[in-house]
Amino acid sequence: MRYMIDTANIEEIKDIIEFFPIEGVTTNPTLVSKEKMDFKTLVTGIRDVIGPDRVFFVQLRGDTAEEMIEEARALKKLIGDNYVAKIPMGRAGLKAVMTLSKEMPCCVTAICSRQQAMLAARAGASFVAPYVNRLDNIGAGGVEIACDIAGMLDHYGLPCEVVGASFKNVDQVQECAMGGCHVVTLKAEMFDMLASHPLTDSGIAGFDKDWKAFYGENKILDLLK
Ligand code: E4P
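Residues numbered from 1 in each chain as written. Predicted model: local features only at pLDDT ≥ 70, side-chain atom pairs only at ≥ 80, totals over all residues. Heavy atoms only, no water.

Novice: Just give me the short version of the site of the ligand, but keep the residues and values in it.
Specialist: The local shell around the ligand consists of D6, N28, K86, T109, Y131, R134, A165, S166, K168 and K187. Separating an oxygen atom of the ligand from a side-chain N or O atom of D6 is a distance of 2.7 Å. At 2.8 Å from an oxygen atom of the ligand is found a side-chain nitrogen or oxygen belonging to K168. Grouping the amino acids of the shell around the ligand by side-chain chemistry returns two nonpolar, three polar and five charged. (Near = heavy atom within 4 Å. Polar contact = N/O pair within 3.5 Å; in protein donor to acceptor, adjacent residues only side chain to side chain. Nonpolar A, V, L, I, M, F, W, Y, C, P; charged D, E, K, R; others polar.)

Structural data, given as structure tokens:
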């Protein structure tokens, strides 16, 4: 399973990509508007920070397929390679994917059921983004839906990957990993939640204490001089 970060905050992105193996950035209209910045400046700023090789998902806002297609072409021109058109699920979205998927990778988002994902994949989406926590919050089994979708896409040999989205805890991420989700996109604070463990902290503190008891404040390079 691969990791992406779900934010439009440039400082968060800079911090997380420095310390974690991040394949790309996903955004949505809520995350983008939270930054209260000129849209074009924000989008190009994120591209500059993540470099040309990481994937960058920007969600379309058009009401019709035609509007979405125009938006996606303009964003691709601005962002360049590795732009992924993020398209809300629905009739207009599916129609847009059937055209756009011939020109760029598309991610159909706000996926809340297995059949929405199947339709999106058949339309040509490279990614589908099921909303794990939002479904879990209403007792609808978000983790199970995301994992079923991953299994279904693999079963039919469809070239479409699950980007599990909307996570709030480590168990949800781990269960999605075990269930075959290809990618997860996580809020910045979740990376430290995944990386930390109290036994890791106490183990490392023990190494530090034992080392200092004999070598004091010397580091390895001091001792190799
Ligand atoms: C993904 O496509 C969405 O941008 C996002 O993950 C939704 O997350 P939220 O439920 O935390 O808002």
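Novice: Break down the environment of Q116 for me, with residues and values.
Specialist: Among the structural elements, Q116 can be located in helix 6 (residues 114-123). Judged by relative accessible area, which is 24%, Q116 ranks as partly exposed. Separated by 26 residues in the primary sequence, Q116 and G90 have C-alpha atoms spaced 8.4 Å apart. Filtering out sequence-adjacent residues up to four positions away, Q116 remains in contact with M89, A110 and I111. Of note is the side chain of Q116, whose polar atom sits 2.6 Å from the backbone nitrogen of C112. (Helix = DSSP H or I, 4+ residues; strand = E, 2+ residues; numbered from the N terminus. Buried < 20%, exposed > 50% of the residue type's maximum accessible area, 1.4 Å probe, protein only. Contact = heavy atoms within 4.5 Å.)

Novice: Quick one: what's the story with the nonpolar core, residue by residue and with numbers?
Specialist: Within the largest apolar cluster, 64 residues are counted, with the highest numbers of intra-cluster contacts made by I46, L60, L100 and V128. Here this core takes eight residues from helix 8 (residues 142-155), the largest share from any one element. Discounting chain neighbours no more than four positions away, the residues touching L60 are M68, E71, A72, L75, Y83, A85, K86, I87, P88 and L100. Counting residues in hydrophobic clusters, the runner-up holds eleven residues, among them M4, C107, A129 and V163. (Core = buried A, V, L, I, M, F, W, Y, C linked by side-chain atoms within 4.5 Å.)

Novice: Kindly report on unusual backbone geometry, identifying the contributing residues and their values.
Specialist: Non-glycine residue K36 carries a positive phi angle of around 50°. Looking at the element boundaries, K36 is found in the loop between helix 2 (29-34) and helix 3 (39-50). A positive phi angle, near 65°, is found at S166, a position not held by glycine. Relative to the elements of secondary structure, S166 occurs in the loop between strand 7 (161-164) and helix 9 (170-178).

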